[in-house]
Each structure stands twice: as structure tokens, then as C-alpha cells.
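Overview (structure and organization)
Chain by chain, the residues:
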Amino acid sequence: MIEFAEVTRTYGPKTAVSGLSLAIPKGELFALLGPNGAGKTTTIKMLVGLLRPSQGAVRVCGFDMVKDPRNAHLHIGYVPDDPNLYDKLTGREFLWFIAEMFGMQQQHAMQRIGEVIDNFELADFADDLTESYSLGMKQRLVFASSLLHDPDVLVLDEPMVGLDPRSVRIVKDLLRKLTHQGMTVFMSTHTLAMAEEMADRVGIMVRGQLRFLGTVEELRQQMDKQATNLEQLYLELTAPQAMATGPILSPARPDAP
Amino acid sequence: MHSPSITPVATTSSVAGPPPASRRLPSVEAESRLLFGLRARLALAALKTMLTQARLRLTLVILLSALFWGSLYGLFYEGFAFLNSLHAEIISLLFNGFFSSLLLMLVFSNAILMYSGLYCSPEARLLITLPARPEAVFFHKFQESFWFSSWGFILLGSPMLVAYGVVRNAPWTYFLLLLPFMVAFVVIPATLGGMLCMATVACVPRLRMHALAIAITASTAGAIWLGWSALASARADSLSPIWFEQTMSRLAITEQKFFPSWWLASGLIESASGKTALEGESGAVMESLRFLALLASNGLMLQLLAGWLAARIYRLGFSQLSAEVTARRPLRISWFDRMLTQAGTAAGRPLRILIVKDLRLFRRDIAQWSQFVIFFGLLGLYFLNIRSFTYNNSYATMIGFLNLAVVGLILSTFTTRFVFPMISLEGRRFWILNLLPVHRDQIVWSKFLFSCVGGTLPCCGLVLLSDMMLGIRWPVVAIHEICCLMLCMGLSGIAVGLGALLPDLREASPSKIASGFGGTLALVLSSLFIMAVVLLAALPTHLYLAGLGADAEGTRRPDLVGWAGSLEGVWAGVAAVVVLGTVATLLPLFLGLRHFRQLEA
């Protein structure tokens, strides 16, 4: 569903992402972890078409994000860390706009809008201008809009920022349900507990390189720390001395394209 | 959840399959309709908000626009009535000069508008992650910049063109065709600006800053050359026939038949003439329509080219720009900042640190200092040109006062646009300030001092330059400088005081804060304050210098005019200015400080 093939992205002399090879199959929830400046946001930006790779290719459902971005976008739902909404549209109008941009037929769009409004409990404020929304309300609306067109791939950048505990629970339940139904979820997060709880696999990026790729259990085995949680493993893997002295693990198994 | 797998996925598109029937990419027409519908909904919502929440601003905008339009119409009517008696070629030269300058300005202003719309706006970041055609996004954002350009051009150009039609006694078809001509013309520079913007961002991202620097240098050099040539050619022979001929020959360079400005000028002149030598009135209309068709067809062709270009390079440019590396700023404290921080007493140190912080933000905000430099730079050029003309003493003094008013008005736009929102923007970082050992009053005073000192230096310098060029006597220069100082203090007091009294802590955009109720009120009060200051000082000074306060024998008239026109009247006027300036400074600051002390973020 998602494929990074030898992807490198440079910012001038700085390499933000270096030779990233990663394949995420249908129905997997993948969590990308890493310290600030590790290259997570750059990876997400390349995945949703905001950035082009300097080398390599990013494909979504087989569609190259540079060569065929429109068809790739048709299969993606994207929840950015900073929700972009139109201040002078109501939540419902925004949902209609997104539905029409994805070419949804009117009847189907109406039904889906009703569903996402119910799922994300937007009914109380769906007809207010979004300029009056709190961050959490905006985030819920963006979540709802990203799922309107039943995407095959859902890309989440720090999805829980601004959400109250109830909304977090709604999102978690929904993500479980959607991955069971075959949706692929690519999530960048600093919330390690959530990654441990939800993710099928995690990838840990450090300085633009994937230092680990696998399940949390595999990470424990490789680090030889059976009774340790992801937070502890992550902190050890990304500690300054570990980063300075090179990989403490065997290199991440790249998913060859 | 299913068991994890690291087996690579197949890379063919077969994994996706065709999208479901209920989800197909919208056609070009459907996408255009959708984005146009979005624009209409947003405009309606904004209008509704304005009608319910910003009536004062709307009324002010309409009234000032009407006043501006009427004044320009009167000015142009008199001008054309004067020129009507001269050769018709002069009108053609003037139109070509005006429209070709406008063409160039519109290209650059649209390039800048499109840059912020296409690459820096949150909307663009949203649309680029949706399955929207890049050309559709381009045209969607183009509508915005086109609207801004058309609005400015119509407000500036229509009084001139209507006055021309009235003076020439043009047929009704001329007035009917005015709007289509103007709109068809603006499409061309607006589209060229959009294309220039996309090409610059996509093709020369690394060189963009250099390109910008070269363009600014070239524009500045051009402006200096124009100013110098005007100065050099117009010393003693101002407004003489030779000077007039020289000026006309310089303008002839703008009469190029492949310029859209020539098509516009020719079409309008043809339309206003009402008839051609051979075919009569209908022939003139047809000829005019041909020029309109020429403009429209070229505009449409450019639109096609722009769409083609956007489809190829818009996404590339967006990516290039996102990958831009921001320059690192190693901690280097400039000698000025260090001096300002360390000078004075320890008690005033927090105040000075706050001022240094604002100064640093100002220096790094291109939007602020570039507008500051452009407006005051243009004003400086204008003042340098004043000496091309000779005036008598009373007339020169009045021009000096008008220049003072212009300086005040420009400063008021800066204080309203940039200084008024400062407290609101600081409010968003309230938690930082609340934790610091800084008294809230010091925050407000630091803004006031920053604005007042920052405004006084260039403004008093410009007023001094204007007076020197006009050859004004030193006592009047002193009056002008006192007035200027009071203007700087009062305008800063109004902006900072009202900014603290009516802050908008939720809004992040300074332009939106400035265009709200508080900003509009600050602008209105600033304008009234400037008028009052200038009138209080100018009237007695003028009466005194023109000798209107005395009768033929030189004795003072017994009425109010006599008193106002005496030396006492002049000093009373200056004293009133000082009192008014002090009140305008302290009253808003007092109210603002009181409110700001109790403010809860």
C-alpha cells in the first residue's frame, strides 16, 4: 500500500532522510518514531506530496506520488499536526467541500458526512463557523474529513495533539476497526504508549536513517531487554551516546522495494 | 489486529485497483465549479461577518473610497479640461505612460500576491494534499490576486477615465466599455505576475533571494534615475514649453504597439472620440471593440499558458520551497542592541531588553521594514524633487504643512498596521511574559518608546528635508518639527494605548488584528488627530505669513482672524498642538495600561 524506495531528501547540505526503504502492507498500522529533527515530518510530507524526494520514489497504492499525485491522493486521507481549515466555512460545509474534491457522488457523500459527524461527535458544532472551534474540535473535524472518502491509506501526523481523552478513545477504536477492515495507517507520533498499544510495527528514525524496523517484541529481543516497555527501549536507542557511537542494534531490516 | 509483516508490497498499481464508482476524480469543469463555489461561500460569509461585526470599518472604507474617488475625479476633470485645449497626442502619451507604468507595477504586485497565496497560505497546503489539479489551485488563488489588482486599478483608474470621457463628451458606449477594458487589461499583468512567480520559485529557488535583491536594486536604481532625470531637466525652465516637450518625448518611449497598455489607451481614446474619419460613430465603436478583443484574447491566451505552466511546475515549486533551508543565526549581538541594553539604569533594563527584542523582530520581518523603506524612501524622493519649483514664502510654508500631514498619514498607517497589533501578539505569548520579572506597564511603555523613537527619527528627518528644499525660514521649521514630534508621540500613544485597551488575544495574524474594530478605531482617531494638529498650527501660521491678520496699515484686525494671524495666535496654535499631542499620547496610554494590568490571558 505504501512504499518508500531508496528515498533520500536533502535540505541544502543537510540530509533529512537518507536511503529510506520501507513497505507497509494493507491493513497494517505503522508508527514512525524518532526524536525531533529525525526526519519524521519530512517522510510524512513526501508521503502526502508536500515534498518531493531528492532521490528514490514514494508510491501509494502503486501510484507514484511525483508522477501521478492526483491518483495517489485519491487513496490517501491525511491528518496534519496543524489542522488547516477555512475559517469562514462551517464544519459541515468543509466536509462537503472535501467530499466533492474527492469526486464523491451526492448521495454517498451525504451518507458518509452523516456517519463521520456521528462517529466523531461533531453534531453540536457542525453548523458553526470553524473559526470558533477549539484545537480539539478542529482536529476531530480534520479526522472526519480525512476518512470521508474511505481512503486505503490514512496518514496521521501527531494525531492525538489537542484531543481530549474521550476523543482519543474514539480515534483509537476507529483506527482498530479501520485496520481490521484493511485500511493502512501510517502514523508519526511522540506518544510512545499509543504506538506500543496500537502499532503492528514501529520504525525508529534517528538523524534521517531508520535505526529500527519491526515489532516492539523484536525490538525487545534485539536489545535483550524482555521486561522493558517501548519508552525505555526508545530512550536507550535514541540516547545521545548511542546516536554518537553508531547503531547499537543490527541495522534495521530495510523493506526492499 | 493481524500479525505484523515486513514482506515488501508489490509495486504495481494492481494493489489499488480502480477507485469505487462513488469516488471518481472530478472533471475539470466540476473542479472549477467547486472551487468557484468555495470562493463564493467564503466571500458571502466574510461579507456577512463584516455587515454584522465590522460596520464601522465597512462604512469607513466606503466613505473614504467615495471621498478618494471624488477627489481624484475633480483633479482629473480639471486636468483634462486644461489639456483638452492642447494637442490630442498629449492624452495618448499620458495614457500610455500611465498604463505602461501600471502594467509593470501590476506584474510585480501580482507576483508577490501569488507567491503568498500559492506557496505560503494554509489553504495551499490543504489543497495540495487533495486530488486537485495544480492548474485549478493556481486559478483559484489567481482569483484572489486578480481581485486585489482590479480593485486598486478601478479605484485609481476609473475617476481618471470617467473624467476624460466627460471632458471629451464621449458617447455612452465609451462608459459602457470602460469596465470591460479595465478588466481585460488587468488579466494580462496579473497572469504574467503569476507565471513569473511560479517560474521564479520552481526554477531558481536557490537564486530567489538574489533575484529579489537584483529586482529591488534595479527598481531603486530606476527610481533614482527617474528622479535624477526629472531634477536635471527641470531647474530654471520648469513648466516651460521646452521642458514640456522634453517630458513628452521621454514619455513617447511607452507608446509601443505591442504593449497591452497601448491597446488599452488606443481603444479608450478611439471609443471616446465617438467617430473615425471614414466610418463615423459605429466605426469608432468597432475599432474600440477590436482593441478590446485584442486585450481579451491575449489575456485568455496567457491564462492557457499559465494553466499549462502550473500543471508542470507548481507542485515542483511547492516542494522546492518547502525544502528551503533557513539561515542559521548564530548568537551575535549587534553593537546597537548591546549598547541599548547596557545603557542607563539597572531598573530600566527590562524595558530596554523588551525594546531590543522588538527591534530584532522588526529587523527580521521583511514585510515591516521593506514597506517602511519603500514608503519613506518614496517620500524622500518626492521631497528631493520639490526644489524643481519655486514658491513664495507663504505658499512654501503651506506645502511644508501638507508634507507634514503626508508624513503623519504614512506614519499612522504603520502605527495602525504594525504597532497596534503588538500588544495582541504579545498576549499570545502571555505565559512567557507572566513568568518574567517584568511589570506589565513596562511591556506597554516599551512598545510606545519603540514606536515613538522609531517613528520620530525618520519623520522629523523627512520634514526637515522638505523644509530645507522649500527654503522655509527656521522659525517655521521649528514649528513643523514640534508638530512632527507631537504627531509621532500621539500616533504611537493612540496605537499602543488602543492596542492594550482592545487587544485580540486569539488572532495570530497582525493584519487581521489591525483590520478589526480596534485597529479601525485607531486609524480613524489617528487621521482626526493628524488633521487637528496640522490645522491648529497651519492656520495661524498661514494667516500670519500672508499678513491676513492685519489691515492695510499693518495694524491688527480686531476680530478672531486678526488675533489668529498675530504672533500670539501662532504661538497659541503651537501650544494647542503640544497640549493636544500630550493628551493624545497620555490618555490612550492611561486607559490601555489600566486595562492591560487587569488582563487575563
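In this text, all values refer to a predicted model and were calculated from it rather than measured experimentally.

Cut-offs used in this document
- Residues numbered from 1 in each chain as written.
- Chains lettered and ligands numbered in written order.
- Predicted model: local features only at pLDDT ≥ 70, side-chain atom pairs only at ≥ 80, totals over all residues.
- Helix = DSSP H or I, 4+ residues; strand = E, 2+ residues; numbered from the N terminus.
- Rg over C-alpha atoms; globule rule 2.2 N^0.38 Å.
- Buried ≥ 20, exposed ≤ 12 C-beta atoms within 10 Å, placed from the backbone.
- Contact = placed C-beta atoms within 7 Å.
- Pairing = 2+ DSSP bridges.
- Axes fitted to C-alpha atoms, helices over the stretch in contact; angles between N-to-C directions.
- Parallel < 35°, antiparallel > 145°, perpendicular 65-115°, else oblique.
- Left-handed = near helix turned anticlockwise from the far one by under 90°.
- Nonpolar A, V, L, I, M, F, W, Y, C, P; charged D, E, K, R; others polar.
- Expected span 1.5 Å × (residues − 1).
- Domains from an automatic or database assignment.
- Arc of directions from axis to C-beta.
- pLDDT = per-residue confidence, 0-100.

Further remarks concern the overall build of chain A. Scanning chain A for helices and strands turns up 10 helices and 10 strands. Compactness check: chain A gives a C-alpha radius of gyration of 19 Å against a globular reference of 18 Å for 257 residues, within 12% of the reference. The proportion of buried residues among the 257 residues of chain A is 51%. Partitioning the intrachain contacts of chain A with sequence separation of at least 6 by distance along the chain shows that 70% fall at a separation of at least 24.

From N to C terminus, chain B includes 21 helices and zero strands. Within the span of chain B, comprising 601 residues, buried residues form 35% of the whole. Restricting to contacts in chain B with at least 6 residues of sequence separation, those with at least 24 account for 81%.

This part covers the sheet that holds strand β7 (residues 153-157) of chain A. All names here are of chain A. If you trace the six strands from one edge of the open sheet to the other, you get β6-β7-β8-β3-β9-β10, paired in mixed fashion. In this open sheet, the two strands that pair with only one neighbour each are β6 (76-79) and β10 (209-214). Each neighbouring strand pair of the sheet contributes to a mean axis angle of 15 degrees, computed without reference to strand direction. Two elements, β6 and β7, share four bridges in a ladder whose sense is parallel. Pairing of valine 79 across the sheet is with leucine 156, part of β7. Here helix α5 (residues 135-147) sits on the sheet in contact with β6 and β7, set at roughly 175 degrees to β6.

This part is about the environment of glycine 62 of chain A. Position of glycine 62 of chain A relative to the elements: it lies in the loop between β4 (55-60) and β5 (63-64). Between the alpha carbons of glycine 62 of chain A and isoleucine 2 of chain A there is a distance of 7.8 Å; along the sequence they are 60 residues apart.

A separate point is the packing of helix α5 (residues 134-167) of chain B against helix α6 (residues 172-203) of chain B. Each packed pair of helices is defined by two parameters, the angle between the axes and the distance between the axes. Residue and element names in this part refer to chain B. The geometry of α5 relative to α6 is characterised by a closest axis approach of 8 Å and an angle of 140 degrees between their N-to-C directions. Here α5 lies oblique to α6, going by the angle between them. For the pair α5 and α6, the sense of crossing is right-handed. Counted together, Phe138, Phe142, Ser145, Phe146, Ser149, Ser150, Phe153, Ile154, Gly157, Ser158, Leu161 and Gly165 of α5 and Tyr174, Phe175, Leu178, Met182, Val183, Val186, Ala190 and Gly194 of α6 form the full contact between these two elements. Classifying every residue of the contact of α5 with α6 gives 13 nonpolar, seven polar and no charged.

Time to look at helix α9 (residues 260-273) of chain B. The end-to-end C-alpha separation of α9 of chain B is 20 Å, in line with the 20 Å expected for 14 residues at 1.5 Å each. The buried count for α9 of chain B comes to 13 of 14 residues, which makes it a mostly enclosed element.

Before going further, it helps to spend a moment on the domain arrangement of chain A. Interfaces are often sized by the accessible area lost when the parts come together. Taken domain by domain, chain A holds domain 1 (1-75 + 155-166 + 179-257) and domain 2 (84-150). Contacts between domain 1 of chain A and domain 2 of chain A engage five residues on the former and four residues on the latter.

A separate point is the sheet that holds strand β1 (residues 2-11) of chain A. Residues and elements named next belong to chain A. Strand order across the open sheet formed by four strands is β2-β1-β4-β5, with antiparallel pairing between neighbours. Two strands lie at the open edges of the sheet, namely β2 (14-24) and β5, each paired on one side alone. Two strands pair when backbone bridges link them, and β1 and β2 are joined in this way by seven bridges, in the antiparallel orientation. Looking at the pairing, tyrosine 11 lines up with lysine 14 of β2.

This part covers the pairing of β1 of chain A. Residues and elements named next belong to chain A. Hairpin connection, β1 to β2: the antiparallel pair is bridged by two residues, and glycine 12 has positive phi, about 60 degrees. Across five bridges, the pairing between β1 and β4 is antiparallel. Paired with phenylalanine 4 across the two strands is valine 58, which belongs to β4.

Attention now moves to unusual backbone geometry. Residues and elements named next belong to chain A. Unusually for a residue other than glycine, glutamate 6 sits at a positive phi of about 50 degrees. Looking at where glutamate 6 falls in the secondary structure, it is placed in strand β1. Look at glutamate 6 and you get partly exposed, because 15 C-beta atoms sit within 10 Å. For cysteine 61, which is not glycine, the phi dihedral falls at a positive 55 degrees. Counting through the fold element by element, cysteine 61 comes out in the loop between β4 and β5.

All names here are of chain B. Note that arginine 506 resides in the loop between α17 (474-501) and α18 (510-514). Assessed through the 11 C-beta atoms surrounding it within 10 Å, arginine 506 is described here as exposed. Linking arginine 506 and isoleucine 269, residues 237 residues apart in sequence, is a C-alpha distance of 52 Å.

Another aspect to go through is the environment of leucine 135 of chain A. On the secondary structure map, leucine 135 of chain A appears in helix α5. Along the primary structure leucine 135 of chain A and alanine 123 of chain A are separated by 12 residues, whereas in three dimensions their C-alpha atoms are 16 Å apart.

To continue, consider the packing of α17 of chain B against helix α19 (residues 517-546) of chain B. Residue and element names in this part refer to chain B. Between α17 and α19, the least distance of the axes is 10 Å, while the angle of their chain directions is 165 degrees. Looking at the two axes, α17 sits roughly antiparallel to α19. For the crossing formed where α17 meets α19, the hand is right-handed. In contact with Val476, Ile479, Cys483, Met486, Leu487, Gly490, Leu491, Ile494, Ala495 and Leu498 of α17, α19 contributes Gly518, Leu521, Ala522, Leu525, Ser526, Phe529, Ile530, Val533, Val534, Ala537 and Thr541. Across the contact of α17 with α19, the residue classes tally to 17 nonpolar, four polar and no charged.

Turning to helix α6 (residues 165-180) of chain A, a few remarks are in order. Residues and elements named next belong to chain A. Here α6 is 16 residues long and its end C-alpha atoms lie 23 Å apart, about the 22 Å a rise of 1.5 Å per residue gives. For α6, the complete set of buried residues consists of Val171, Leu175 and Thr179. Looking down the long axis of α6, one finds its buried residues gathered within 55 degrees of arc, a one-sided arrangement. Residues of α6 that are exposed and angled more than 90 degrees away from the buried face: Arg166, Arg169, Asp173, Lys177 and His180. Looking at the buried side of α6, the elements it contacts are β3 (29-33), α5, β8 (184-188) and α7 (192-198).

Residue and element names in this part refer to chain B. Averaged over all residues, the pLDDT of chain B equals 80, while 79% of them reach at least 70. Confidence, read as mean pLDDT per element, is least for helix α7 (residues 208-233) in chain B (58) and greatest for α17 (93). Scored below 50 in pLDDT, residues 1-17 shows 39 contacts in the model against residues more than four places distant or in partner chains.

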